[in-house]
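# Working through the structure, step by step
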Amino acid sequence: LASHYRDELRQTMQRDTGWELLTFLNYVATCYPDPGWMDEMLSASERRKILAFSWAHRREHSPYLKGYLALTLKRMGRGQDAALVWDSVMDAARTSDEQGTFWAPEDRSWLWYKDTIETHALALRTLAELDAQDPRRHGLVQWLLLNKKLNQWKSTRATSEVIYALTHYLQAEGQLGG
């Protein structure tokens, strides 16, 4: 990915396009906080440039990408900016006793960065990292499980994202065994 960034993605930044993939790329890099794990594939300077580019396009991001951006911002030491981005996502959420916490389905939800199920799963993980005590976390779990019961999770990727998010949720709630 680092060589792809150097060969092609930097050019997309110059053309002011491709922020979706660059936001995701930077998020993935933050999943490996020890520089030794990546052998300095993406330098700190490159990651800051990517983050500045993603930040400039934050209003154009889908809620899914805003989750990635918020996590990246927090992990790169910009907690206030992370809260600002994530609050804009959660402000658009609705909560009801019957359905839990949810957003209206995205237009073009077939795009990888607009999938409804994966967006809700990432929202649960993002809340767990940014504000583990936010009461809306319970509503996100309710919506995910209700959606599975009444509909279907359309892919193994969506299913695995939900299971991953639910595992983190249960661990944070102290509901997983030792």
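Residues numbered from 1 in each chain as written. Predicted model: local features only at pLDDT ≥ 70, side-chain atom pairs only at ≥ 80, totals over all residues. Heavy atoms only, no water.

What follows is about unusual backbone geometry. Its identity as a non-glycine residue notwithstanding, Asp 16 has a phi of 60°, on the positive side. Tracing the backbone through its elements, the reader meets Asp 16 in the loop between α1 (2-14) and α2 (19-30). Judged by its relative accessible area of 42%, Asp 16 is partly exposed. (Helix = DSSP H or I, 4+ residues; strand = E, 2+ residues; numbered from the N terminus. Buried < 20%, exposed > 50% of the residue type's maximum accessible area, 1.4 Å probe, protein only.)

Relative orientation of the contacting elements α2 and helix α5 (residues 63-75) amounts to 40°, with a least axis distance of 9 Å. Relative to α5, the element α2 is oriented oblique. Judged by the twist between their axes, the crossing of α2 over α5 is left-handed. For the pair α2 and α5, the contacting residues are Glu 20, Thr 23, Phe 24, Asn 26, Tyr 27 and Thr 30 in the first and Leu 65, Tyr 68, Leu 69, Leu 71, Thr 72 and Arg 75 in the second. (Axes fitted to C-alpha atoms, helices over the stretch in contact; angles between N-to-C directions. Parallel < 35°, antiparallel > 145°, perpendicular 65-115°, else oblique. Left-handed = near helix turned anticlockwise from the far one by under 90°. Contact = heavy atoms within 4.5 Å.)

Quick look at helix α6 (residues 79-91) now. With 13 residues, α6 extends 18 Å from end C-alpha to end C-alpha; this agrees with the ideal 18 Å at 1.5 Å per step. All of the buried residues in α6 are Ala 82, Val 85, Trp 86, Val 89 and Met 90. The buried residues of α6 occupy an angular sector of 135° when projected down its axis, which confines them to one face. Structural note: α6 exposes Gln 80 and Asp 91 on the side pointing more than 90 degrees away from its buried face. Elements in contact with the buried residues of α6: α4 (44-56), α5, β2 (100-102), α7 (116-130) and α8 (136-150). (Expected span 1.5 Å × (residues − 1). Arc of directions from axis to C-beta.)

Let's shift gears to the nonpolar core. The nonpolar side chains of a soluble globular protein tend to be buried with one another. With 28 residues, the main nonpolar core has Leu 73, Trp 86, Trp 103, Ile 117, Leu 124 and Val 162 as its most contacted residues. Breaking this core down by element, the ones donating at least two residues are α4, α5, α6, α7, α8 and α9 (156-172). The contact partners of Leu 73, leaving out residues within four places of it in the chain, are Leu 51, Trp 55, Arg 78, Gly 79, Asp 81, Ala 82 and Val 85. In this structure, Tyr 5, Leu 22, Leu 25 and Ile 50 belong to the second largest nonpolar core, which totals 12 residues. (Core = buried A, V, L, I, M, F, W, Y, C linked by side-chain atoms within 4.5 Å.)

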